[in-house]
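For reference, the chains in residue letters:
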Amino acid sequence: MLLPPIMNSPPAELAEVFSSIQGEGELIGLRQVFIRFRGCNLQCDYCDTPTARTGEPCLMEQTPGRRDFVPVTNPVALERILALVDGWHRGWTGVHHSVSITGGEPLMNYEILHSWLPELRAFLPIYLETNGVMHTALERLIGHIDMIGMDIKIPSTSGCTDLWDDHRRFLEIAATKKTVVKVVVDEQTEDWEIERCAEIVRAVAGSIPLILQPVTNPDNRIGISPVKLLEFQEIACRNLHDVRVIPQTHKFMGQL
Ligand code: SF4
């Protein structure tokens with residue numbers, strides 16, 4: 001495919017670009033191209049994403065899924081990403097379901113994404129993985145996004161507080177596209193937090209799937225009892241009919 005000329009597309013601070021299996025949410029099991037942006041606007045207690053460091057190169061996989069990473073100086077130009085995705089798209093036809101725009105919090109780069117997403121979307125659908133807070137940024141980009149996996153951060157597990165209104169506004173915009181909501185839960189999670197999450201989702205659209213994701217400990221074991229998970233699902237099901245319990249499967253499989 002002949003790449004069109006790109007005008008005024010700023011480069012981006014990236015952490016990683018690679019091909020892997022989606023391990024969370026509704027697209028679980030599908031192969032995606034992951035573009036992981038640096039930086040985040042939150043500091044969750046359970047964060048395992050080393051994206052805050054600056055001054056480090058982007059690790060870019062050369063062959064999809066073969067982990068032959070090479071360091072690329074940041075910031076990375078869109079042309080470099082498009083050349084990679086174009087090569088993978090032609091050489092591994094039909095393998096990738098979509099491009100996952102992830103982080104960190106990718107919406108912190110909304111001005112860059114405004115020019116990047118239409119170019120990437122020419123190859124594959126765009127799946128946004130987000131902490132579900134930056135609703136103003138989402139509003140500006142929603143026309144370039146196909147699917148959204150958004151978090152609701154509850155205080156007990158994330159340590160983040162007072163994000164309920166931001167999440168609700170975010171979901172109202174996200175719901176115009178195919179969207180799934182994810183909540184990380186652990187033994188400290190309280191019933192009222194699950195109730196509030198379910199109420200927020202139901203208020204926007206009761207058909208939106210709510211995924212309860214048990215926290216994964218550093219030793220890759222689930223950090224919540226099986227009974228507690230079942231109880232939380234029962235609470236959420238009082239308000240919603242599509243409530244799923246799905247762990248971070250990529251960690252068990254040794255995927256990125
Ligand atoms: S939103 Fe995600 S990347 Fe940001 S601190 Fe929380 S877990 Fe880490």
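On a predicted model such as this, the values are computed, not experimentally measured, just so you know. Numbers given for residues are sequential positions, taken from 1 along each chain in its written order. Restriction of local features to residues with pLDDT of at least 70 applies here, the model being predicted, together with a cutoff of 80 or more for giving and counting side-chain atom pairs; totals for whole chains, interfaces and linings are based on all residues. Working from all heavy atoms in the structure, the side-chain values ignore hydrogens and water.

Visitor: I'd like a description of the nonpolar core, backed by residues and values.
Guide: Of all hydrophobic cores here, the largest spans 60 residues; its most connected members are L14, I81, I101, L138 and I152. In this description, contact between two residues means that some pair of their heavy atoms is separated by no more than 4.5 Å. Sequence-distant contacts of I101, defined by excluding residues within four places in its chain, comprise I35, F37, P106, L113, L117, L120, I126, Y127, L128 and E129. Here the nonpolar core consists of buried residues drawn from Ala, Val, Leu, Ile, Met, Phe, Trp, Tyr and Cys, with membership extended through side-chain atoms lying within 4.5 Å. Burial classes: relative accessible area under 20% of the type maximum marks a residue as buried, over 50% as exposed, and values in between as partly exposed (1.4 Å probe, protein chains only). In terms of nonpolar packing, the next biggest core, distinct from the first, is built from 6 residues, L27, Y127, M147 and I211 among them.

Visitor: Any chance you could break down the side chain of T130 for me, citing the residues and the numbers?
Guide: Runs of E in the DSSP output that reach at least two residues are strands. Runs of H or I that reach at least four are helices, and both are numbered from the N terminus. By secondary structure assignment, the location of T130 is in strand 6 (residues 126–130). Classification of T130 by relative accessible area gives buried; the value is 6%. Distance and chemistry together define a polar contact, namely a pair of N or O atoms within 3.5 Å, with one atom able to donate a hydrogen and the other to accept it when in protein, and with adjacent residues in sequence counting only for side-chain atoms on both sides. Among the polar contacts made by the side chain of T130, one reaches the main-chain amide nitrogen of G132 at a distance of 3.0 Å. Every residue in contact with T130, bar those within four places of it in the chain, is listed here: E105, L107, I148, G149, M150, D151 and F170.

Visitor: Outline the site of the ligand, listing residues and values.
Guide: By convention in these notes, a residue is near a molecule or strand provided one of its non-hydrogen atoms lies within 4 Å of it. Taken together, C40, L42, Q43, C44, Y46, C47, G104, N131 and K153 form the complete shell of residues around the ligand. The pocket and cavity definitions rest on a 1 Å grid over protein atoms only: a 1.4 Å probe that fits but cannot leave marks a cavity, an open set with protein on both sides within 12 Å along at least five of seven lines marks a pocket, and residues lining either have an atom within 4 Å of a point. A cavity or pocket is said to hold a molecule if more than half of that molecule's atoms lie within 2 Å of its grid points. Of all the cavities here, the one that holds the ligand is the largest pocket. Polarity classes work like this: nonpolar for Ala, Val, Leu, Ile, Met, Phe, Trp, Tyr, Cys and Pro, charged for Asp, Glu, Lys and Arg, and polar for all others, with Gly in that last group. Across the shell around the ligand, the residue classes break down as 5 nonpolar, 3 polar and 1 charged.

Visitor: Which residues make up the environment of Q43, and what values go with them?
Guide: Position of Q43 relative to the elements: it lies in the loop between strand 2 (31–37) and strand 3 (58–61). Among the residues examined, Q43 registers a relative accessible area of 74% and is labelled exposed. Separated by 120 residues in the primary sequence, Q43 and L163 place their C-alpha atoms 13 Å from one another.

Visitor: Which residues make up empty space enclosed by the protein, and what values go with them?
Guide: With a probe scaled to a water molecule rolled over the atoms, the places where space remains empty come into view. Grid points are joined across faces, edges and corners, and a volume is the space filled by probe spheres set on the points. Across all of its chains, the model carries 1 cavity of 30 Å³ or more by this definition. In this structure, the largest cavity encloses a volume near 40 Å³. For the lining of the largest cavity, the secondary structure elements donating two or more residues are strand 7 (147–151) and strand 8 (178–185). The element best represented in the lining of the largest cavity is strand 8, accounting for 3 residues. Its residues placed into classes, the lining of the largest cavity shows 5 nonpolar, 1 polar and 2 charged.

Visitor: Describe the confidence of the model for the protein chain, and please don't skip the residues or the numbers.
Guide: The quantity called pLDDT is the predictor's confidence in a given residue, expressed from 0 to 100. Averaged over the protein chain, the pLDDT score is 93; the fraction of residues at 70 or greater is 95%. Throughout residues 1–6 the model reports pLDDT below 50, and contacts reaching past four residues in sequence, or to other chains, amount to 12 contacts.

Visitor: Please give an account of the environment of L138 that cites residues and values.
Guide: Note on placement: L138 falls in helix 3 (residues 135–141). Distance in space between the C-alpha atoms of L138 and L107 is 7.1 Å, their sequence separation being 31 residues. L138 has contacts with L107, L128, I145, I148, F170, I173 and A174, leaving out every residue within four places of it along the chain.

Visitor: Go over the sheet that holds strand 4 (residues 69–72), please, and point to the residues and values.
Guide: Here a strand pair is declared whenever DSSP counts at least two bridges between the two strands. What the 10 strands build is an open sheet, ordered 4-3-1-2-5-6-7-8-9-10; its pairing is mixed. The open sheet is flanked by strand 4 and strand 10 (243–245), the only strands paired with a single partner. Neighbouring strand axes in the sheet, compared pairwise and without regard to direction, differ in orientation by 25° on average. Sheet topology note: the strand 2/strand 5 (residues 98–102) ladder contains 5 bridges and is parallel. Where helices are involved, their axes are fitted lines through C-alpha atoms of the stretch in contact, as for all axes, and angles between N-to-C directions lie from 0 to 180°.

Visitor: Lay out the packing of helix 1 (residues 78–91) against helix 2 (residues 110–121) with the relevant residues and their values.
Guide: The contact between helix 1 and helix 2 brings their axes to 11 Å, and the two run at 15°. Our classification of the angle between helix 1 and helix 2 gives roughly parallel. Helix-helix and strand crossings are classified by hand; for helix 1 and helix 2 the assignment is right-handed. Where helix 1 abuts helix 2, its residues L78, I81, L82 and V85 lie against S115, W116, E119 and L120. Its residues assigned to classes, the contact of helix 1 with helix 2 comprises 6 nonpolar, 1 polar and 1 charged. In what follows, roughly perpendicular refers to angles from 65 to 115 degrees, roughly parallel to angles under 35, roughly antiparallel to angles over 145, and oblique to any angle outside these ranges. Working rule for handedness: look at the near helix, and if it is turned counterclockwise from the far one by less than a right angle, call the crossing left-handed; if clockwise, right-handed.

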